[in-house]
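# Observations on chain architecture
So the chains spell out like this:
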Amino acid sequence: MKIINKKKIISKKNILSAIKIYKSPFWIYDYNKISKQISKLKKFDIIRFAQKSCSNIHILKIMKEHGTKIDAVSLGEIERALKAGFKGNCNDIVYTSDIIDDETLIKVTKHKIPINIGSIDMIKKISKKSPNHKVWLRINPKFGDGHNKKTNTGGKNSKHGIWNTKLAINLIKKYKLKLIGLHMHIGSGANYLHLKKVCKEMKKQAIMINKKILFISAGGGLTIPYKIHEKKVNTKNYYKIWNKSKKKIEKKLKCKIKLEIEPGRFLVAESGLLVSQIQSIKKVKNRTFVLVNVGFNDLIRPVLYGSYHYISLITIDNRKLDYSKKIKVIIGGPLCESGDIFTQKENSKIYSIELPILKTGDYIIFHDVGAYGASMSSNYNSRPFIPEILLKNNNLIQIRRKQTIKEMLSLEI
């Protein structure tokens, strides 16, 4: 299949095999692609997977198998990490948040999980329950960046991180918490210019704090080429820039420091496809709408961010596609929402894409959905969660079965 081969991901044969077993729609992930992405970051002392991007327990097990650690941002994510085999009372899991509720505090205290503090109010609360608890400080560097304003996690418009570092350090000392690391993350999709600014600010803050620490975190935000012409991030250069800063901090603080990176999308996005089927082809004045059996309850990124996902086609009858004859189509879903359109920009403007001549029953494939795909799904319009499939060693493994309507309703009965 032309486009899938270009993206060098799960083959047409594998997809058709999965369709035969699981029908459509479903998510499918490539184990080998995840492994390769992890290997690209091996120069970093620690790779800490931002599991919010793809939180299936079986994906977390792949991460553990390859030696990565876990970042958890909720009690549920802590439970997932523990279920996948990550341990407490060590560096396996770090809990990152700007607040901490009582139930989560009990859990992190019980398992002695380090906390990445994002607000001043957390400091006193943690110390009351767990004196001498190991903590990180998430610093807002007072600037941010990202592929979308909603993914910008720094600066005056961001709720994330500590603005007044000196106040936080004084309180950490007062309440006798143990500072082990400094963390900065300015947004998802940040460029090299902003990366250098972050490194400079990390060095400045570490020297100002003047405490011996064990770790600094480069945060996440490593992007992937959603469009074929886009360049891949140079991970060697990324490491080089951060490692240079780390060495300068070590020299100033006179202590050895481990350099962490906290990728989410970089490790899993390209591994994932969403396989859907065309249910209707509608003419609306001079436009053609192609409606498939997944909606933004499944894949919300295009609606939420105006995100682009490569879209390709597999025929139901194995007919040969003529790429010299294409039609312009708008891809939409089944939801009772006018905004349930996958081909839309950040300003909600709908656009058409060109595909070979298609028909009802053909399969529409959404690419690069391994990150923030299934993990951001919902039951909107009372639609059950769809299955997740893992392709490993040419074997198809169901890692989440389809939710039944009975299961969906069970919490209300």
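These numbers come from a predicted model, not from an experiment.

## A few points about helix H3 (residues 31–39)
Within the sequence span of H3, burial applies to Tyr31, Lys33, Ile34, Ser35, Gln37 and Ile38. Capping the start of H3 is the job of one residue whose side-chain oxygen sits 3.0 Å from the backbone nitrogen of Asn32: Asp30.

## Re the environment of Ile281
Among the secondary structure elements, Ile281 is positioned in strand S10 (residues 272–284). Along the chain, Ile281 and Lys112 lie 169 residues apart, while their C-alpha atoms are 55 Å from each other. Once residues lying within four places of it in the same chain are set aside, the contact partners of Ile281 are Thr288, Phe289, Leu358, Lys359 and Thr360.

## Brief notes about the packing of aromatic side chains
The tally for this structure, following the rule as stated, stands at 5 aromatic pairs. For the ring pair Phe44 and Tyr239, a centre distance of 5.2 Å and an interplane angle of 80° mean the geometry is edge-to-face. With Phe44 in the loop between H3 and strand S2 (46–50) and Tyr239 in helix H10 (residues 235–253), the pair connects residues that are 195 residues apart, well separated along the chain. On the accessibility criterion, Phe44 (4% relative accessible area) is buried. With centroids separated by 6.5 Å and ring planes inclined at 90°, the aromatic side chains of Tyr308 and Tyr310 adopt a geometry described as edge-to-face. Looking at Tyr308, the relative accessible area reads 27%, which means it is partly exposed. For Tyr310, a relative accessible area of 15% corresponds to the buried category. Just above the ring of Tyr308 sits the side chain of Lys227; from NZ or CZ to the centre is 5.1 Å.

## Re unusual backbone geometry
Looking along the chain, the bond that leaves Ser24 and enters Pro25 is cis, with omega of 10°. Summarising the element assignment, Pro25 is placed in the loop between helix H2 (12–22) and strand S1 (26–30). A positive phi is found at Asn394, a non-glycine position, where the angle reads about 65°. With respect to the element layout, Asn394 can be found in the loop between strand S16 (388–392) and strand S17 (395–400). A relative accessible area of 62% means that Asn394 is categorised as exposed.

## As for the side chain of Gln344
Among the structural elements, Gln344 can be located in the loop between strand S13 (326–332) and strand S14 (353–356). On the accessibility criterion, Gln344 (5% relative accessible area) is buried. Among the polar contacts made by the side chain of Gln344, one reaches the main-chain carbonyl oxygen of Gly339 at a distance of 3.0 Å. Setting aside chain neighbours within four positions, we find Gln344 in contact with Pro302, Val303, Gly306, Gly339, Lys349, Ile350 and Tyr351.

## A closer look at the sheet that holds strand S6 (residues 134–138)
Strand order around the closed barrel formed by 8 strands is S2-S3-S4-S5-S6-S7-S8-S9, with parallel pairing between neighbours. The sheet shows a mean angle of 30° between the axes of neighbouring strands, direction not considered. Note that strand S4 (residues 93–97) and strand S5 (residues 115–117) share 3 bridges and pair parallel. Looking across to S5, one finds that Ser97 is bridged to Ile117. Relative to the sheet, helix H8 (residues 165–174) contacts S6 and strand S7 (178–183), its axis offset from that of S6 by approximately 170°.

## Here we look at the nonpolar core
Leu137, Leu182, Trp242, Ile331, Ile364 and Phe366 are the most contacted members of the largest nonpolar core, which totals 95 residues. The contacts of Trp242, once residues within four sequence positions are left out, are Leu195, Val198, Cys199, Met202, Ile216, Ser217, Ala218 and Leu259. Ile19, Phe26, Ile389 and Leu391 belong to the second largest nonpolar core, which has 15 residues in total.

## As for the confidence of the model for the protein
Within the protein, residue pLDDT values average 92, and 91% of them lie at 70 or more. Contacts of residues 1–6 to residues separated by more than four positions or lying in other chains number 18 contacts, the stretch itself having pLDDT below 50.

## A word on the environment of Ile34
Of note, Ile34 is situated in helix H3. Judged by its relative accessible area of 0%, Ile34 is buried. In the structure, Ile34 is positioned 64 residues away from Asp98 in sequence and 29 Å away in space, judged by C-alpha atoms.

Calculation notes
- Residues numbered from 1 in each chain as written.
- Predicted model: local features only at pLDDT ≥ 70, side-chain atom pairs only at ≥ 80, totals over all residues.
- Heavy atoms only, no water.
- Buried < 20%, exposed > 50% of the residue type's maximum accessible area, 1.4 Å probe, protein only.
- Helix = DSSP H or I, 4+ residues; strand = E, 2+ residues; numbered from the N terminus.
- Polar contact = N/O pair within 3.5 Å; in protein donor to acceptor, adjacent residues only side chain to side chain.
- Contact = heavy atoms within 4.5 Å.
- Phe/Tyr/Trp six-rings, centres within 6.5 Å; stacked < 30°, edge-to-face > 60°.
- Lys NZ or Arg CZ within 6 Å of the ring centre and 35° of its normal.
- Pairing = 2+ DSSP bridges.
- Axes fitted to C-alpha atoms, helices over the stretch in contact; angles between N-to-C directions.
- Core = buried A, V, L, I, M, F, W, Y, C linked by side-chain atoms within 4.5 Å.
- pLDDT = per-residue confidence, 0-100.

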